[in-house]
Amino acid sequence: MNEQPSARRLVVVGGGPSGLAAAWKASVEAERAGREIEILVLEADGEVGGKARTGQAGGFLIETGPQGFLDDQPVVREMIAACGLESEVLAPEPAANRRYIYRGGRLRELQRSPLAFAKSGLLGPLGLARLAMEPLVRARSGDGRTAGSASAGDLPAADADESLYDFAARRMGRQAAARLISPVVLGIFAGDARKLSAAAAFPRLVAMERAYGSLFKAMRAGRRRGVPPPGHRTLRRGIQALPQAVAALPGIDVRYHSRVTSIVRRTDTNRFTVHLADQESTPEASQLSARTELSAAAVVVAADLPSAADLVDGVSAEAAAELRQIESPPMAVVHTAFDAAAAAHIEPAYGFLVARGEGIRMLGCQYETATFRGRGPNGTFLARSMFGGSVDPEAADLGDAQLVDLTLRELRRTAGIDAEPTYTSVARWPHAIPQYAPGHPRRVARVEAALDPIDGFYLAGNALHGVGLSRAIAVGAECGERAARLLLP
Ligand SMILES: Cc1cc2nc3c(=O)[nH]c(=O)nc-3n(C[C@H](O)[C@H](O)[C@H](O)COP(=O)(O)OP(=O)(O)OC[C@H]3O[C@@H](n4cnc5c(N)ncnc54)[C@H](O)[C@@H]3O)c2cc1C
């Protein structure tokens, strides 16, 4: 193989949002420097997007992975603008501010005003009284000691990294932890609040406690300063439109059906050998992807877990062992559509989450047609229900018919929808969302300590620094920028 070109070759493994962000940012850096680098994205699948996957059926827009993103990262806006998709950005309908929790046999609205919240029945009198005491609860500092004692810096000591449940119970009381925070965690991580690190899963909450000594005080201060919480956004044509648009940008070469099996670092040449799976040459597969190995001066791994761990193994067994400790349980996403008349009794809203212990396996349900305009034809109601995650991984393995039956039964019980669906579909993610267990911040530090000294090797994706789309994009962009700077001295 000709070694000369690989001196300026960046290989990005994985054409999901994070990998494409890396490719885009590297191309921006190259253009700024007025120099060329070869940017090759190797994607195992036949299309880009990873879990950002949008389908069309019967006039419905079906998001089987993320259906929105948090507008909290300027780099996401930059990438959207670079793709000319600014006019495609869509904010939720005002009604989507309404959210419900199913508890005690019925849906209860998460009210903002204290009086309405008290009346919602989500918490009992003792739970409400304990919640009201939150501003009086002494804060804990970064090292787990109470505020005022010496801080150990940003990293919580291993035994001080509380679970999210413990954090919420300490600040807001056990009822609020079980009935409010635990269901919310299902909606973001499909995870168990008792098994997630507060510092890693909800760094903003921990930072609010550190800065203001209380979550309520922090929220009040935010309101006084007029700082709105980051908004929720999507794209008119669906989330997958973003990775697809990045893949079409000049200077980014995407090779489909190109599964990377291992990456080996060659210390003699300071290059990486990227091994690809042997595969049938399909019309889509190019000459290059039919080759079984490639040489590159820089590699960004943006594959999802557990594949990312296997690829990291080629450069650091230590980092790979750490990554293998991060669970990413399976999920199933079930779409069901109805005539709007069947849902006429439902107040337009974002949807609901289900507290555990209610005898309902559904983690939550999003009312897609009420949340974003254009998700379905007029006169229809599209619901997106989630199953599985770390609280009930077996549910994700049920057959398609069983999952649809379960969804319909549970929508009847929770939302009172008692009608034949006009459309159904089931999507599965065997490794859906990484679970940041207590101790995650220390794990991240160990992975970075192992990988940082390896020039030209970067780990993107959502295994370490935030599971949501916007963080995955931000981390990918940072890796792309670092890789480009290395290749463009
Ligand atoms: C059901 C569900 C709902 C979600 N909802 C939201 C939401 O509403 N909002 C939000 O912000 N986030 C949401 N997320 C999270 C969001 O999907 C992720 O943050 C995002 O997809 C991470 O992007 P990524 O590029 O790191 O990984 P992925 O999207 O997983 O992409 C990884 C890519 O790498 C490829 N790949 C893997 N191994 C190899 C290999 N060996 N060789 C080559 N290619 C490989 C894969 O085929 C894939 O294309 C949701 C996730 C799920 C599962």
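Computed from a predicted structure; not experimentally measured. (Residues numbered from 1 in each chain as written. Predicted model: local features only at pLDDT ≥ 70, side-chain atom pairs only at ≥ 80, totals over all residues. Heavy atoms only, no water.)

Caption draft 1: Main features of the domain arrangement of the chain. Entries for the chain in the domain assignment read domain 1 (5–52 + 237–315 + 454–487), domain 2 (112–137 + 152–224) and domain 3 (329–429). The C-alpha-based centres of domain 1 and domain 2 are spaced at 37 Å. (Domains from an automatic or database assignment.)

Caption draft 2: Region of the structure containing the state of the cysteines. Throughout the structure, instances matching the rule amount to zero disulfides. Summary of cysteine pairing: Cys479 is not part of a disulfide, and the nearest cysteine sulfur, belonging to Cys83, is at 18 Å. (Disulfide = S-S within 2.5 Å.)

Caption draft 3: Quick peek at the sheet that holds strand β6 (residues 89–90). Strand order in the open sheet formed by three strands is β5-β9-β6, with antiparallel pairing between adjacent strands. Looking at the sheet topology across the chains shown, the edges are occupied by β5 (69–70) and β6. (Pairing = 2+ DSSP bridges. Helix = DSSP H or I, 4+ residues; strand = E, 2+ residues; numbered from the N terminus.)

Caption draft 4: How the structure looks around the pattern of salt bridges. One pass over the full model with this rule turns up 28 salt bridges. Among the salt bridges present, the one from Glu347 reaches Arg98, with a minimum N-O distance of 3.4 Å. Here Arg98 lies in the loop between β6 and β7 (99–103) and Glu347 lies in the loop between β15 (331–339) and β16 (351–354), a separation of 249 residues in the sequence. Given a relative accessible area of 42%, Glu347 falls into the partly exposed group. Overall, the relative accessible area of 28% leaves Arg98 in the partly exposed class. Note that Glu162 and Arg170 form a salt bridge whose closest N and O atoms lie 2.8 Å from each other. In this structure Glu162 comes out as buried when scored by relative accessible area, which is 15%. The network of salt bridges with common partners includes Glu134, Arg140, Glu162, Arg170, Arg171 and Glu209. (Salt bridge = Lys/Arg side-chain N within 4 Å of Asp/Glu carboxyl O. Buried < 20%, exposed > 50% of the residue type's maximum accessible area, 1.4 Å probe, protein only.)

Caption draft 5: Structural detail: the sheet that holds strand β13 (residues 293–296). With respect to topology, three strands assemble into an open sheet ordered β11-β12-β13, the strand pairing being antiparallel. The sheet terminates laterally at β11 (260–266) and β13, the two strands that pair on one side only. Averaged over all pairs of adjacent strands, the angle between their axes in this sheet comes to 20°, without regard to strand direction. Relative to strand β12 (residues 271–276), β11 runs antiparallel, the two being bridged by six bridges. Looking at the pairing, Arg266 lines up with Arg271 of β12. (Axes fitted to C-alpha atoms, helices over the stretch in contact; angles between N-to-C directions.)

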